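Residue-level structure breakdown
Residue-level listing of the chains:
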Amino acid sequence: MESTDYLDDIVATVRQDMESHLGRGKVADYIPALARVDPKNFAIAIATCDGRTAQAGGVHLPFSIQSISKIFTLTLALNKLGANLWERVGREPSGSRFNSIVQLEAEKGIPRNPLINAGAVVITDALLDGGDADATIAEILGFMRRLADDPAIVIDDEVAESEAQTGFRNSALANFLRANENLKSKVEDVLKVYFNQCAIRMNCRQLARAGLYLANAGHDPLNHASVTTPFRAKRINAVMMTCGHYDASGDFACRVGLPGKSGVGGGILAIAPRKASICVWSPGLNAQGNSMVGSMALERLSSLTGWSVF
Ligand code: GLU
């Protein structure tokens, strides 16, 4: 892919402007593999719909994609079930923590949206559909490899294992969903797939490439594959905009104005519709569990490019 001076200048400016902020926020420390990541890491990569790229910082360094995986499993589940999926999960912002249990009880086992943990667990269950956990993990990993055009993408087994050892809240959510008949497969199988999808390791370049179909109405603009329908791509972007940053989604929409999804590994995938897919990575998180410097970088990028949808 060729690159352009215009975007190269912009990402260089964004990186420079973030320099004095590097290391801010708190790295996720609920598992050792995340806790030991250097908080001063920073990377930004852009892939445009017309095949250009621009990047700055450690764009080749892999990190744990964590909840960014929820965008891709949502795509697979919508392709599989269509609009019926919305009978099992809502599409309203939660205003609650990413792993809140209280809301799920109040709403009788129908998670508020597919991007909070409870909703993502339902999506994973829809993909699993009573089948084999390893086969579903392979399906998700294969999807990521195809989208990123890179067969070298792998799952970090240490992260998957630690997620399982510490995933008591996710386990509580899954059991509660099962008690409310909104989980069809065995709890242990659903959690196995969920923990493995969170443990996929990718770098900013790969994630920006993987998200391109969302910037291009569901169609991969580079290899011309149809990933999902334009209608579903629109839905996914809308859910990213309204729910992609948990209880800070409104703030992200105001500051950045792009559909985005964060992960506790410090990555954020953002979509500039019809233009580009962007990935930033900076491991320090804010109080809502979103990358602090990553959000700042996207705010700066949005103002320099004028890509906000508003
Ligand atoms: N593995 C994390 C969890 O399920 C993902 C949360 C996130 O990335 O926001 O708790």
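Described below are features of the structure shown in this document. In this text the structure is predicted, and so the values were computed from the model without any measurement.

About the criteria used
Residues numbered from 1 in each chain as written. Predicted model: local features only at pLDDT ≥ 70, side-chain atom pairs only at ≥ 80, totals over all residues. Heavy atoms only, no water. Helix = DSSP H or I, 4+ residues; strand = E, 2+ residues; numbered from the N terminus. Buried < 20%, exposed > 50% of the residue type's maximum accessible area, 1.4 Å probe, protein only. Contact = heavy atoms within 4.5 Å. Areas by Shrake-Rupley, 256 points an atom, 1.4 Å probe, with all protein chains shown as cover. Lys, Arg positive; Asp, Glu negative; His and termini not counted. Charge placed at Lys NZ, Arg CZ, Asp CG, Glu CD. Pairing = 2+ DSSP bridges. Axes fitted to C-alpha atoms, helices over the stretch in contact; angles between N-to-C directions. Near = heavy atom within 4 Å. Polar contact = N/O pair within 3.5 Å; in protein donor to acceptor, adjacent residues only side chain to side chain. 1 Å grid on protein atoms, 1.4 Å probe; cavity = no way out; pocket = protein on both sides within 12 Å on 5 of 7 lines; lining within 4 Å. Sits in = over half its atoms within 2 Å of the grid points. Nonpolar A, V, L, I, M, F, W, Y, C, P; charged D, E, K, R; others polar.

A word on the overall build of the protein
- Within the protein, the secondary structure is distributed over 14 helices and 10 strands.
- Dimensions of the protein, computed from the C-alpha atoms along their principal axes, are close to 55 × 40 × 35 Å.
- Across the 310 residues that make up the protein, the buried fraction comes to 59%.
- Relative to all contacts within the protein whose residues are 6 or more apart in sequence, the contacts with residues 24 or more apart total 69%.
- When the accessible surface of the protein is totalled, it reaches about 12200 Å², and 50% of it is carbon and sulfur.
- For the protein, the centre of its 31 positive side-chain charges and the centre of its 32 negative side-chain charges are spaced 4 Å apart.

Quick look at the pairing of strand β3 (residues 53-57)
- Two elements, strand β2 (residues 43-48) and β3, share 5 bridges in a ladder whose sense is antiparallel. Counterpart to Ile46 in the pairing with β3 is Ala54.
- Where β2 folds back onto β3 in an antiparallel hairpin, the turn is made up of 4 residues, including Gly51, whose phi is positive at roughly 90 degrees.

Examining the sheet that holds strand β9 (residues 276-281)
- Spatially, 5 strands are ordered β3-β2-β9-β8-β7 in an open sheet, and the strand pairing comes out antiparallel. Whereas interior strands pair on both sides, the edge strands pair on one side only; in this sheet they are β3 and β7 (260-262). The mean inter-strand angle of the sheet, taken between neighbouring strand axes irrespective of direction, is 10 degrees.
- Relative to strand β8 (residues 267-272), β7 runs antiparallel, the two being bridged by 3 bridges. By the bridge assignment for β8, Gly260 is matched with Ala270.
- Each of β2 and β3 is contacted by helix α1 (residues 5-18), which is oriented at about 20 degrees to β3, the strand it contacts most.

Topic: the sheet that holds strand β4 (residues 63-64)
- Strand order in the open sheet made by the 3 strands is β4-β6-β5, with antiparallel pairing throughout. A single partner strand is all that each edge strand has here, and the edge strands are β4 and β5 (154-155).
- As paired strands, β4 and strand β6 (residues 200-202) are joined by 2 bridges and run antiparallel to one another. Along β6, the bridge assignment pairs Ser64 with Arg201.
- Of the strands in this sheet, β5 and β6 are in contact with helix α6 (residues 133-148), which crosses β6 at around 10 degrees.

A closer look at the site of the ligand
- Around the ligand, the neighbouring residues are Tyr30, Gln66, Ser67, Phe98, Asn117, Glu163, Asn170, Tyr194, Cys198, Tyr246, Gly263 and Val264.
- Between the ligand and Tyr30, the relevant distance is 3.3 Å, taken from a nitrogen atom to a side-chain nitrogen or oxygen of the residue.
- Take Gln66: an N or O atom from its side chain is 2.5 Å from a nitrogen atom of the ligand.
- Burial of the ligand by the surrounding chains reaches 96%, relative to a free accessible area of 290 Å².
- Because more than half of its atoms lie within 2 Å of the grid, the ligand is assigned to the largest pocket.
- Among the residues making up the shell around the ligand, the classes are represented as 6 nonpolar, 5 polar and 1 charged.

Observations concerning the pairing of β9
- With 6 of 6 residues buried, β9 lies mostly within the body of the structure.
- In β9, alternate side chains face the same way, and those of Ala276, Ile278 and Val280 on one face and Ser277, Cys279 and Trp281 on the other are all buried.
- Bridging between β2 and β9 involves 6 bridges; their strand directions are antiparallel. Directly across from Ala47, in β9, lies its bridge partner Ser277.
- Bridge count for β8 against β9 is 6 bridges, and the pairing is antiparallel. Opposite Ala270, over in β9, you have Ile278 as the bridge partner.
- Counted along the chain from β8 to the antiparallel partner β9, the turn is 3 residues long, and its residue Arg274 has a positive phi close to 70 degrees.

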